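Chain by chain, the residues:
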There are 4 protein chains.
Amino acid sequence: MIARTDATGGPGLLPEILEFTSSLTLDRALLREDVVGSLAHLVMLARQGLLCAEDSRTLRAGLVALWEADSRGELHLPPEEDIHLAVEAALTTRVGEVAGRLHTARSRNDQVALDLRLHVREMIALVLGHLASLLELLAARAEAEQGTILPAYTHRQRAQPISLAFLLCAYGAMFTRDVDALRFVLSQVDVNPLGSGAIAGTSLPIDRELTRALLHFSAVNPNALDAVGDRDFVLDFQYAAARSLTHASRVAADFIDFASSEFGFVKLDGALACGSSMMPHKRNPDVFELIRARSARAVGNLMSHFQALKGLPSGYHRDLQEDRAGLLQTGPWWCSVLSALTTALPRVTFDRERCLAALHCDYTQATDLAETLVQRGVPFRVAHQAVGTLVHRCQEAGIPLARATPELAQGIHPDLDLAALGTLDPLACVRRKESAGGTGPRSVSLQIVALRKSAASAALTARGVPRLQTLFDELREAPLR
Amino acid sequence: MIARTDATGGPGLLPEILEFTSSLTLDRALLREDVVGSLAHLVMLARQGLLCAEDSRTLRAGLVALWEADSRGELHLPPEEDIHLAVEAALTTRVGEVAGRLHTARSRNDQVALDLRLHVREMIALVLGHLASLLELLAARAEAEQGTILPAYTHRQRAQPISLAFLLCAYGAMFTRDVDALRFVLSQVDVNPLGSGAIAGTSLPIDRELTRALLHFSAVNPNALDAVGDRDFVLDFQYAAARSLTHASRVAADFIDFASSEFGFVKLDGALACGSSMMPHKRNPDVFELIRARSARAVGNLMSHFQALKGLPSGYHRDLQEDRAGLLQTGPWWCSVLSALTTALPRVTFDRERCLAALHCDYTQATDLAETLVQRGVPFRVAHQAVGTLVHRCQEAGIPLARATPELAQGIHPDLDLAALGTLDPLACVRRKESAGGTGPRSVSLQIVALRKSAASAALTARGVPRLQTLFDELREAPLR
Amino acid sequence: MIARTDATGGPGLLPEILEFTSSLTLDRALLREDVVGSLAHLVMLARQGLLCAEDSRTLRAGLVALWEADSRGELHLPPEEDIHLAVEAALTTRVGEVAGRLHTARSRNDQVALDLRLHVREMIALVLGHLASLLELLAARAEAEQGTILPAYTHRQRAQPISLAFLLCAYGAMFTRDVDALRFVLSQVDVNPLGSGAIAGTSLPIDRELTRALLHFSAVNPNALDAVGDRDFVLDFQYAAARSLTHASRVAADFIDFASSEFGFVKLDGALACGSSMMPHKRNPDVFELIRARSARAVGNLMSHFQALKGLPSGYHRDLQEDRAGLLQTGPWWCSVLSALTTALPRVTFDRERCLAALHCDYTQATDLAETLVQRGVPFRVAHQAVGTLVHRCQEAGIPLARATPELAQGIHPDLDLAALGTLDPLACVRRKESAGGTGPRSVSLQIVALRKSAASAALTARGVPRLQTLFDELREAPLR
Amino acid sequence: MIARTDATGGPGLLPEILEFTSSLTLDRALLREDVVGSLAHLVMLARQGLLCAEDSRTLRAGLVALWEADSRGELHLPPEEDIHLAVEAALTTRVGEVAGRLHTARSRNDQVALDLRLHVREMIALVLGHLASLLELLAARAEAEQGTILPAYTHRQRAQPISLAFLLCAYGAMFTRDVDALRFVLSQVDVNPLGSGAIAGTSLPIDRELTRALLHFSAVNPNALDAVGDRDFVLDFQYAAARSLTHASRVAADFIDFASSEFGFVKLDGALACGSSMMPHKRNPDVFELIRARSARAVGNLMSHFQALKGLPSGYHRDLQEDRAGLLQTGPWWCSVLSALTTALPRVTFDRERCLAALHCDYTQATDLAETLVQRGVPFRVAHQAVGTLVHRCQEAGIPLARATPELAQGIHPDLDLAALGTLDPLACVRRKESAGGTGPRSVSLQIVALRKSAASAALTARGVPRLQTLFDELREAPLR
């Protein structure tokens, strides 16, 4: 049964109401954030003379002990309404009534805003790390697959010959944008709400600049009322996750198709393929299906959070507590999907012959042929139409474009001569597309270099994010005056 | 570490991939559904001669033992990919290799479709029970509050005098529609998917009509491919929940306003009101704020499920597994909100004097006055304009409408005489609105009767839903030939 | 510039504010609904003696003239805040000040609730008509495609042989559930809100039962406050649309795959296939891509509506106006997608040889072989494993399952003999699956019969829905006393 | 009837299918973007020698004429499948077959990606302008309202005394974050997709760096396949809109409450308040209700776009066309809401006496009193409890906290003496909260300065965004070699 305190309600508060309103099962996951935030608050109170030296030392020792017990998996928190009260109760058990001084000039409203920001910041570091690995992996694989040629698809129809390296670079371009988005989230989360009090600041002589520095934030939230009611950074993180997982879902959709018997472009090795309880022959790409599906919950969590905020007046409302379930779920999930991709991709082998065969038996070089005419001065629309007619004739004759003869072709347009038809080798088509961002090998080599740079830059940003463990290590030693 | 089997993938399947794809932590909650479904399947196999008598008895004893161990909280399932394999593994431990016969003519695809349907049906019964209690409570309270008069609001402006009974009946009308929606969900879920196999049915001589009857479904799903890929019933349930919790959110929004110092219409007793960690004077309506917020996750879960289904081809895909997290969360939540409302409402007291005062000092009888003129033959638009002018004059004079004098009024329109002004008592205004659905006492009495009928009917429907325990009790005794 | 009236705000109301708040550009589409509702209200006022005979005749003639001008495309409404005021202003122009009597005992709050219900009811009839056509089409096509055999897919891997007829019946099963959902919406929308007034009913002696009968509703909304604030029926319609368009999206996803060169199962004829501005050889399935995509806006509109309702107190708020944009868009869209499907499907030809070839060269009969062993008494798990091994051996040998020899097979399990291997013909596999809902021909024939019944029943329901034109024809002649 | 061309489909394409797939009614709004993009492409083709001088001049003159006709409202586009083909057809009418040369080295896939990016960039400039005005307005009003004192609310309960200036600065803090978000969107949209071709680049010697410079983009999209399938910038814009409109909805929720009779804090003047068609006394805050509601469609559009992208493989699919409806709607809407806020706020007057009275009659100074004790060395939890008891005693005695006597107080805690109680004046409470971000006047003055800086910075960013008109003016004069 959850404890009833002055802070949660009077002694008559119904147990079932307290249980309905309690968030402890969710925000138990924020224990480390709560301890770090309390340590910073404590150091500030001490230096400002709002706590005496002895109390400060006692309180810090208590908080450090809680963190360490938690690290050993030995911390059992009392059943309180939320993590803040649970930590205070646990601290009281250890150090006595002096624990009551820690809440000086602090409200649970600014405290939870801080905990959530610390949590999001921590998750950003983790996700950036996964993105860096994935980008590096894509770059390395692209390098190895410059010679694998397959069709690019539009409308799920074969469109033009490309290299697999080029396709992998396209994936890399998507995930590079996720790094951008995370940097935006980081800029939004990087603001210290501590010291906002319940809603209006405090009359006590606190120093918010000091807690900002102790917690390695770049700025102090400019307005207390906004600070306690603001969950934009949670939205931002959920949005970045939903966007990134949508990227992952598109990659997964490719691999599910590629792994079908019809495409037959890839083989999943036994480390990846899943079976069937009824059909003994099945080797299913479940891992990619689940990657595809995981974007669903991220989008749902984003929707859920918008829904929770809608219609609220400004300031703090208990409704904001609903931020937690989705937020705490999204980070680990995001990591798990990126990690699954990183695990799975090296275990997927492309069947180079089947990939190439898909080009040889088709008409994907048509645009190249039209461009050859354009280079001879034929207007594009005329060239487009002439090649379209040639494709049609070939289809009627049951031959692929590569086997079109000058006889067949020149009847359509005089420029469709032997030299022009000589450009139809798929590999040559790939090689010619050296426009910036194109599938040509020099263009792709530049893309790979750029991907590597993105990977390194993401890793660097990740390492620059202040981590909870580091903050803890600093704060347990920080001078108290 | 999760076990690897032929059904999940070969022995080389990576542990981290298996962990990524496993759903056991979620669908562990479906143990009872899985056992009941297996019992029905087993009885059918036995009667069709696909299992011999001895094997049937052995298997049934094993399944019954699993259920009973679970009821005692003593069932520890082995770490398998999902609940179906975990149950099969646990069964194998108890009864040996004969457990392998249970999967005859069954796939996990139709098995999970069945488990989810049984789960939704069970949840519908629980939610209907809560709705019945809430409707009954609203009816009883409405009866007691016929004499409490307060303003109805449009645009959050005082609009017209109503009785509190009338407002409570409006809440009842919303929740009555939830009963309708649940009946629709029930009609959609009430279809037996068992026997669909993996996707195309089976060549074995099964009897789907028999499992239908054993599981108390009304119909058999007409097409196996549809049956294993269909999650409409999950969408339907999530939708009904989102709609119902939106109703609850609107009721909660009323009470949050009513509980403010500004409205001052209600007092939350100490059993309900929550406190503040920083502001000693606060008595906050957290329970209503959280009821308001809880619709957010239901809407998010609905969005999530649409997102998961979008873009899937027909038939079964592993993506469908993502139905589980939201679904398993939504039912208990829905119950918790309805239950919190039912707990909270009796502990809310209305301050009748403040409610009435809000009417006396305002202009909410204006429409009634206009209608009085209409009854004397004045066109409505003319009456509307005349009363509008009178309101304006009163506002200028700083008096409420009830204190308008014939002198002031008749200068505006001759029919605004003493008799007309005599109709301005708020209570009389309430009493006159006896149009069907109006706030007049006879009309409201009829509404209360209707609410009671809805409550009784919801309870009846709830009792008619076949429950898991009943099915289990029947199936453990069902003849095996 | 939009007119300013007493009803919209005083003469000082800023034009830009009026424009911001006006809904006329949206609800202009509700003109016919508004006129029909006004006619019913008018007949009731006349019969209740709230309008004299002459005024009633004048008003009715005016309203009839508006409808007829609109039917000829000649009605130009004045720029008012909304459709209700625009109709009243247009009526005033035609019949003079007596138009002001029509708003007696009516508010725009109940008026718009009525218009929206009439609109949804009209759209339901249209959508049901489209569904009936689609279901009939699927049934007819299924009949013609009993002999087309292709793989069913799970996880986008070939799973088991089925007939195309069976697949089409699966589509039919999905759309049949849409008919169910529409019947639910119909039951929810079928309630008369007229006479609820602004929020509390009226003191005038109206007869809501009469307007109910005139408008062919089944019931009167029980509570006025609920009636004006209730948009559940809009949610219900949006939900049914989102669900149905998700079905269409799954069908479309199948055809996009089938139309790829890799599957090659279908050919889109020139009436369907779209081209490319750059790639002359392309024949793209744009129509199916857009059908797949259209579910997106329906889901977005549903989410939008939930978002608009969230956090509102009970009763009427101007926020509810936001229902219109999505609602008015969803109905025509839904019709357009169903119509596009109905147009497209007959123009898609299946390549029977390629479909069959996909089976011959693969292992999709594995389950059937396992079931053959089960019929000889082998436990399913043992059979599953034996056949799995056989599949593996065939794959190593580079032969499809159909060419497995008894020598290869019996080394694995003695029951894998010549007779057992004789069951591997894909067509025979289809024929054997005669379990209810299976792909066997007798089972499918029953499914086709059921589809036909659903189509007929949907058409019947559609015809039973009271239509605006019928209501208008009745109301223009309805006795005025 | 929509024209059928090689690019859209063969001559046999069904008119109803073409109508179903056409996007012209939507993307007609992108005419200016399309012309500007074509001008840049043309200049590049000319300089690269892919167009001769004469053709270049002819084409440019034609495009300029189209823009100018459109500016005069005289451009009637032929009914083609989309804006690109309509422009090409209109151009052909004017300049003949040479128009067919413009599509050289270009696909509609990269063309539409460019148009959409130009559109989003244009909208960002407009929205930033509105945000700058709103921020400036909030700063100015805050300056004027430093002396207006009212309660801050948490849980919709009076919490602490604040100045209105402080509340307005909180609004400003929210909208400042919108400027941040728009800068992020700007960084994401600021990439040139032109020259990506259909999916793989081109073999023609184009210069993407040149079109980048001509169109004032900062970078070239690194990968063509990604470029044509990427709609992240549309998501980003929709997300920023949904977030910002959620801010507006929270501000609106405040004003709807403040305008109620119960709060009575604000008066809407006649330029803002809306009336009722039935209730003559109503003066409704419709403008704020609609601002509150408008976030709904933005969130719906965001969800719709996620739904459209989900499940798509990489690259271009026709599904992407569904981006348009939501995107084209969101920008103007966002502007309209910000503009409505900017119009409305100056017309709202605060009733300073009622605001202050709400503080005098309540207990909102409780935290301040507790903090006074803390400054004397009382532990916070003890102080919190003592003041809580005092509040309780005052409530029992029916007096506000400001009238607590030392006799009453000192019985509870010795430090609750006359001096302590002397701190209870609400204005003094405001003045004391000079912590950074607090409601104290010096703190608020700094916040106002910061708001002004944000406003100026937003305006500066807005002015730095390259606008369509400027690009047009530059491109019509740009050298062709």
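Bear in mind that the values here come from a model prediction, so they are computed numbers and not experimental data.

Rules of the game
- Residues numbered from 1 in each chain as written.
- Chains lettered and ligands numbered in written order.
- Predicted model: local features only at pLDDT ≥ 70, side-chain atom pairs only at ≥ 80, totals over all residues.
- Heavy atoms only, no water.
- Helix = DSSP H or I, 4+ residues; strand = E, 2+ residues; numbered from the N terminus.
- Rg over C-alpha atoms; globule rule 2.2 N^0.38 Å.
- Contact = heavy atoms within 4.5 Å.
- Areas by Shrake-Rupley, 256 points an atom, 1.4 Å probe, with all protein chains shown as cover.
- Lys, Arg positive; Asp, Glu negative; His and termini not counted.
- Charge placed at Lys NZ, Arg CZ, Asp CG, Glu CD.
- Buried area = accessible area lost by both parts, 1.4 Å probe.
- Salt bridge = Lys/Arg side-chain N within 4 Å of Asp/Glu carboxyl O.
- Buried < 20%, exposed > 50% of the residue type's maximum accessible area, 1.4 Å probe, protein only.
- Pairing = 2+ DSSP bridges.
- Phe/Tyr/Trp six-rings, centres within 6.5 Å; stacked < 30°, edge-to-face > 60°.
- Lys NZ or Arg CZ within 6 Å of the ring centre and 35° of its normal.
- Expected span 1.5 Å × (residues − 1).
- Least-squares fit on C-alpha atoms with pLDDT ≥ 70 in both.
- Polar contact = N/O pair within 3.5 Å; in protein donor to acceptor, adjacent residues only side chain to side chain.
- Nonpolar A, V, L, I, M, F, W, Y, C, P; charged D, E, K, R; others polar.
- Arc of directions from axis to C-beta.
- Axes fitted to C-alpha atoms, helices over the stretch in contact; angles between N-to-C directions.
- Parallel < 35°, antiparallel > 145°, perpendicular 65-115°, else oblique.
- Left-handed = near helix turned anticlockwise from the far one by under 90°.
- pLDDT = per-residue confidence, 0-100.
- Disulfide = S-S within 2.5 Å.

### Describing the overall build of chain A
Regarding its fold elements, chain A presents 20 helices and six strands. Relative to the globule expectation of 23 Å for 481 residues, the C-alpha radius of gyration of chain A, 30 Å, shows a markedly less compact shape. The long-range share in chain A, meaning contacts at least 24 apart out of those at least 6 apart in sequence, stands at 77%. Accessible surface, chain A: about 13,600 Å² in total, of which carbon and sulfur atoms supply 54%. Taken as two groups, the 49 positive and 54 negative side-chain charges of chain A have centres that lie 4 Å from each other.

### Considerations on the interface of chain B and chain D
Listed per partner, the contact involves 45 residues of chain B and 45 residues of chain D. Summed over both partners, the interface of chain B with chain D buries about 3,900 Å², with 51% contributed by carbon and sulfur atoms. Counting the surface chain B buries against chain D, the share from its top three residues, His155(B), Glu262(B) and His281(B), is 19%. Applying the counting rule to chain B against chain D returns two salt bridges.

### Some words on the pairing of strand β2 (residues 157-163) of chain C
For a regular strand, the rule is simple: side chains alternate between the two faces of the sheet. All names here are of chain C. Taken across its seven residues, β2 has seven buried, putting it largely inside the fold. Strand direction decides the pairing type here: strand β1 (residues 149-154) and β2, joined by six bridges, are antiparallel. Each residue of the ladder has a partner; that of Pro151, found in β2, is Pro161. As consecutive antiparallel partners, β1 and β2 are separated by two residues, and within that stretch His155 has a phi angle of approximately 55°, a positive value.

### A word on the packing of aromatic side chains
Counted according to the given criterion, the structure contains 52 aromatic pairs over all chains. Between Phe237(A) and Trp334(A) the ring centres are 5.5 Å apart and the planes differ by 55°, which places this aromatic pair in the tilted class. Residue Phe237(A) is located in helix α10 (residues 232-258), and its partner Trp334(A) is located in helix α12 (residues 323-344); the two are separated by 97 residues in the primary sequence. Like Trp334(A), Phe237(A) is buried. Look at Tyr171(D) and Phe255(D): their rings are 6.3 Å apart centre to centre, the planes differ by 50°, and that puts the pair in the tilted class. With Tyr171(D) in helix α7 (residues 164-189) and Phe255(D) in helix α10 (residues 232-258), this residue pair connects regions lying 84 residues apart in the sequence. Looking at Phe255(D), the relative accessible area reads 1%, which means it is buried. What links up through ring pairs into an aromatic cluster is the set Tyr153(A), Tyr171(A), Phe255(A), Phe258(A), Phe263(A), Phe265(A), Phe288(A) and Phe350(A). A cation over an aromatic ring shows up here: Arg294(B) above the ring of Phe20(A), its NZ or CZ 4.8 Å from the ring centre.

### Topic: helix α15 (residues 380-397) of chain A
In a regular helix each residue adds 1.5 Å, so 18 residues correspond to 26 Å; α15(A) covers 25 Å between its end C-alpha atoms and thus fits that length. Buried residues of α15(A): Phe380(A), Arg381(A), Ala383(A), His384(A), Ala386(A), Val387(A), Gly388(A), Leu390(A), Val391(A) and Cys394(A), and no others. Among the structural elements, α14 (366-375), α16 (406-410) and α17 (418-421) of chain A together with α5 (83-95) of chain D are those in contact with the buried residues of α15(A).

### Overview of the pattern of salt bridges
Scanning all chains against the criterion turns up 147 salt bridges over all chains. As a salt-bridge pair, Arg121(A) and Asp190(A) come within 4.0 Å of each other at their nearest N and O atoms. Placement of the pair is Arg121(A) in helix α6 (residues 108-144) and Asp190(A) in the loop between α7 (164-189) and β3 (191-192), with a sequence separation of 69 residues. Take Arg121(A): its relative accessible area is 1%, and that puts it in the buried class. Notably, a salt bridge pairs Arg117(C) with Asp230(C), separated by 3.0 Å at the nearest N-O pair. Of this pair, Arg117(C) sits in helix α6 (residues 108-144) while Asp230(C) sits in the loop between α9 (224-229) and α10 (232-258); the two residues are 113 residues apart in sequence, bridging distant segments of the chain. The same class applies to Arg117(C) and to Asp230(C), which are both buried.

### A look at the relation of the copies chain A and chain D
It takes a turn of 180° to lay chain A on chain D, together with a shift of 0.0 Å along the axis; the resulting RMSD is 0.0 Å. Put plainly, the chains are arranged around a two-fold axis. Rotation axis and chain A: the residue whose C-alpha lies nearest the axis is Phe184(A), separated from it by 3.4 Å. The residues that chain A uses at the interface reappear at the interface of chain D in 99% of cases, marking a shared surface.

### Some details on the environment of Gly440(B)
One can find Gly440(B) in the loop between α18 (426-432) and α19 (441-464). Setting aside residues no more than four positions away along its own chain, Gly440(B) makes contact with Val430(B), Arg431(B), Lys433(B) and Glu434(B).

### Topic: the interface of chain A and chain D
Contacts between chain A and chain D engage 97 residues on the former and 96 residues on the latter. Along the contact surface separating chain A from chain D lie 12 salt bridges. The residue Arg177(A) makes a salt bridge to Asp230(D) at a minimum N-O spacing of 3.2 Å. In this structure, the connection of chain A to chain D is made through 50 residue pairs in polar contact (both at pLDDT 80 or more). Residue contributions to the side of chain A that touches chain D peak at 13 residues, all from α10(A). Broken down by class, the residue content of the side of chain A that touches chain D amounts to 41 nonpolar, 32 polar and 24 charged.

### Some remarks on helix α20 (residues 468-477) of chain D
Among all positions of α20(D), only Leu468(D), Leu471(D), Phe472(D) and Leu475(D) are buried. The buried residues of α20(D) occupy an angular sector of 100° when the element is viewed end-on, so they sit on one face.

### Describing the relation of the copies chain B and chain D
Between chain B and chain D, the superposition needs a rotation of 180° and an axial shift of 0.1 Å, giving an RMSD of 0.1 Å. With an isologous cut-off of 70% or more, the 100% of interface residues of chain B that recur at the interface of chain D puts this contact in the isologous class.

### Regarding the packing of α10(C) against helix α12 (residues 323-344) of chain C
All names here are of chain C. It is the contact of α10 with α12, at a shortest axis distance of 10 Å, that shows an interaxial angle of 30°. The pairing of α10 with α12 is recorded here as roughly parallel in orientation. Handedness of the α10/α12 crossing: left-handed. Each of Val234, Phe237, Gln238, Ala240, Ala241, Ser244, Leu245, Ala248 and Val251 in α10 lies in contact with α12, whose residues at this interface are Asp323, Gly326, Leu327, Thr330, Gly331, Trp334, Val337 and Leu341. Of the residues in the contact of α10 with α12, the class split is 11 nonpolar, five polar and one charged.

### A short note on unusual backbone geometry
Its identity is not glycine, yet Arg156(B) carries a phi of approximately 55°, on the positive side. Among the secondary structure elements, Arg156(B) is positioned in the loop between β1 (149-154) and β2 (157-163). A relative accessible area of 2% places Arg156(B) in the buried class. Even without a glycine there, the phi angle at Ala105(D) is positive, about 60°. Topologically, Ala105(D) is positioned in the loop between α5 and α6 (108-144). Among the residues examined, Ala105(D) registers a relative accessible area of 1% and is labelled buried.

### Brief notes about the side chain of Asp230(B)
We classify Asp230(B) as buried; its relative accessible area is 3%. Of the polar contacts made by the side chain of Asp230(B), one reaches the side chain of Arg117(B); its length is 3.0 Å. From its side chain, Asp230(B) meets the backbone nitrogen of Asp232(B) in a polar contact 2.7 Å long. Those residues in contact with Asp230(B), other than ones at most four positions away along the chain, are Arg117(B) and Arg177(C).

### A word on the confidence of the model for chain A
Looking at chain A, the pLDDT average stands at 94 and 98% of residues meet or exceed 70. What the predictor reports for the complex is a pTM of 0.97 with an ipTM of 0.96.

### A short note on the state of the cysteines
In the structure shown here, the tally under the stated rule is zero disulfides over all chains. Cysteine Cys394(A) shares no disulfide, and the gap to the nearest cysteine sulfur, in Cys361(A), comes to 13 Å. Summary of cysteine pairing: Cys355(D) is not part of a disulfide, and the nearest cysteine sulfur, belonging to Cys361(D), is at 12 Å.

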